[in-house]
Amino acid sequence: MNFIETLLPNAIEIPDEFLQSTLETLYMSIITAVLAFALGLALGIWLILTQPNGLKANPVVYGVLDKLVNIFRSIPFVIMIALLVNLTRAIAGTSIGTTAVIVPLVVATIPFYARQIQNALVEVNPGVIEAAQAMGTSTWDIVTRVYLKEALPGIIRVSALSIINVIGLTAMAGTIGGGGLGNLAITRGYNRFQTDVTIISTIIILIIVFISQAIADRLVKKVEH
């Protein structure tokens with residue numbers, strides 16, 4: 001015990017803060033994932049349908065969506081928070097705090113996830129799509145029974161990548177008052193020179209990431225067999 005107190009003199013005094021910050025990080029990550037993944041999946045499907053040679057090929061629509069995805073993916077998250085401050089206030093009633101930061105988190109994640117979904121769906125064998133079309137299958141059924149079914153392992157993989165990206169963004173959000181482990185690492189660890197607090201916060205974030213990846217790997221193995 002004396003060894004732990006010597007190694008982690010500051011961290012050992014604030015277990016409640018670590019628990020609260022971990023819950024805040026999980027809260028931001030889960031809510032962002034649910035909202036952004038639903039909207040990003042829809043956008044990714046729309047991209048694959050309207051792209052050249054897609055089932056609903058439309059150069060104009062695809063061009064607009066493609067450029068919007070590229071633009072929003074290119075905006076640094078810290079700047080995204082500043083750009084969306086008014087929208088955040090309108091939705092959350094404030095621009096600071098754990099709930100408020102979910103708004104820019106969702107907006108930043110949607111284009112990233114949509115592009116990952118598009119990349120996963122484009123790997124589906126074109127022959128399977130053509131066979132479904134020849135059988136008179138509707139576009140909706142092709143999307144749900146062919147695209148999503150055939151690309152499920154890839155979708156799980158890109159979802160794991162995206163959730164890890166979300167966790168990283170929540171840590172960044174903490175640097176500007178968003179709450180969570182990132183906020184704890186900065187306000188106590190960095191600003192107060194409590195390096196052990198920063199280290200423990202980082203370790204907890206890594207554990208969350210590793211657990212997310214392990215769950216995704218298990219799901220991929222399950223759907224592939």
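Located above this text is the structure these notes cover.
Note that the structure is predicted; figures quoted are calculated from it, not measured.

A.B. asks: Which residues make up the packing of helix α2 (residues 15–50) against helix α8 (residues 139–150), and what values do they have?
C.D. replies: In a packed pair of helices, the relevant descriptors are the angle between the two axes and the axis-to-axis distance. The interhelical angle for the contact between α2 and α8, taken along N-to-C directions, is 110 degrees, at an axis separation of 12 Å. As far as their axial angle goes, α8 and α2 are roughly perpendicular. Note on element contacts: α8 touches α2 through Thr139, Val143, Tyr147 and Leu148, opposite Leu41, Ile45, Ile48 and Leu49. In terms of residue class, the contact of α2 with α8 is built from 7 nonpolar, 1 polar and no charged.

A.B. asks: Explain the nonpolar core to me, using residue names and the numbers behind them.
C.D. replies: If you look at the biggest cluster of nonpolar residues, it comprises 42 residues, and the most contacted ones within it are Phe77, Leu121 and Tyr147. For this core, the secondary-structure elements that each account for two or more residues are α2, α3 (59–74), α4 (77–83), α6 (102–121), α7 (126–134), α8 and α9 (152–174). Per-element tally for this core: the top contributor is α6, with 10 residues. Beyond its immediate sequence surroundings of up to four residues, Leu121 is in contact with Gly44, Ile45, Ile48, Tyr147, Leu148, Ala151 and Ile155. Within the second largest apolar cluster, 13 residues are counted, among which are Ile167, Val197, Ile200 and Ile208.

A.B. asks: Lay out the packing of α8 against α9 in plain terms, naming residues and giving numbers.
C.D. replies: The contact between α8 and α9 brings their axes to 4 Å, and the two run at 60 degrees. With respect to their mutual orientation, α8 and α9 come out oblique. Touching Leu148, Lys149 and Glu150 of α8 are Leu152, Pro153 and Ile155, all from α9. Taken together, the residues of the contact of α8 with α9 sort by class into 4 nonpolar, no polar and 2 charged.

A.B. asks: Help me get a handle on the packing of aromatic side chains, residues and values and all.
C.D. replies: Taken as a whole, this structure holds 1 aromatic pair when the rule is applied. Ring plane angle 10 degrees and centroid distance 4.1 Å describe the contact between Phe37 and Tyr113, whose orientation is recorded as stacked. Of this pair, Phe37 sits in helix α2 while Tyr113 sits in helix α6, and the two are 76 residues apart along the sequence. A residue is classified by how much of its surface remains accessible, and Tyr113, at 4% relative accessible area, is buried.

A.B. asks: Give a detailed account of unusual backbone geometry, specifying residues and quantitative values.
C.D. replies: Positive phi, normally seen in glycine, also occurs at Asn53, with a value near 70 degrees. Position of Asn53 among the secondary structure elements: in the loop between α2 and α3. With a phi angle near 60 degrees, Phe193 is a residue other than glycine that sits in the positive phi range.

Rules used throughout
- Residues numbered from 1 in each chain as written.
- Predicted model: local features only at pLDDT ≥ 70, side-chain atom pairs only at ≥ 80, totals over all residues.
- Heavy atoms only, no water.
- Axes fitted to C-alpha atoms, helices over the stretch in contact; angles between N-to-C directions.
- Helix = DSSP H or I, 4+ residues; strand = E, 2+ residues; numbered from the N terminus.
- Parallel < 35°, antiparallel > 145°, perpendicular 65-115°, else oblique.
- Contact = heavy atoms within 4.5 Å.
- Nonpolar A, V, L, I, M, F, W, Y, C, P; charged D, E, K, R; others polar.
- Core = buried A, V, L, I, M, F, W, Y, C linked by side-chain atoms within 4.5 Å.
- Buried < 20%, exposed > 50% of the residue type's maximum accessible area, 1.4 Å probe, protein only.
- Phe/Tyr/Trp six-rings, centres within 6.5 Å; stacked < 30°, edge-to-face > 60°.

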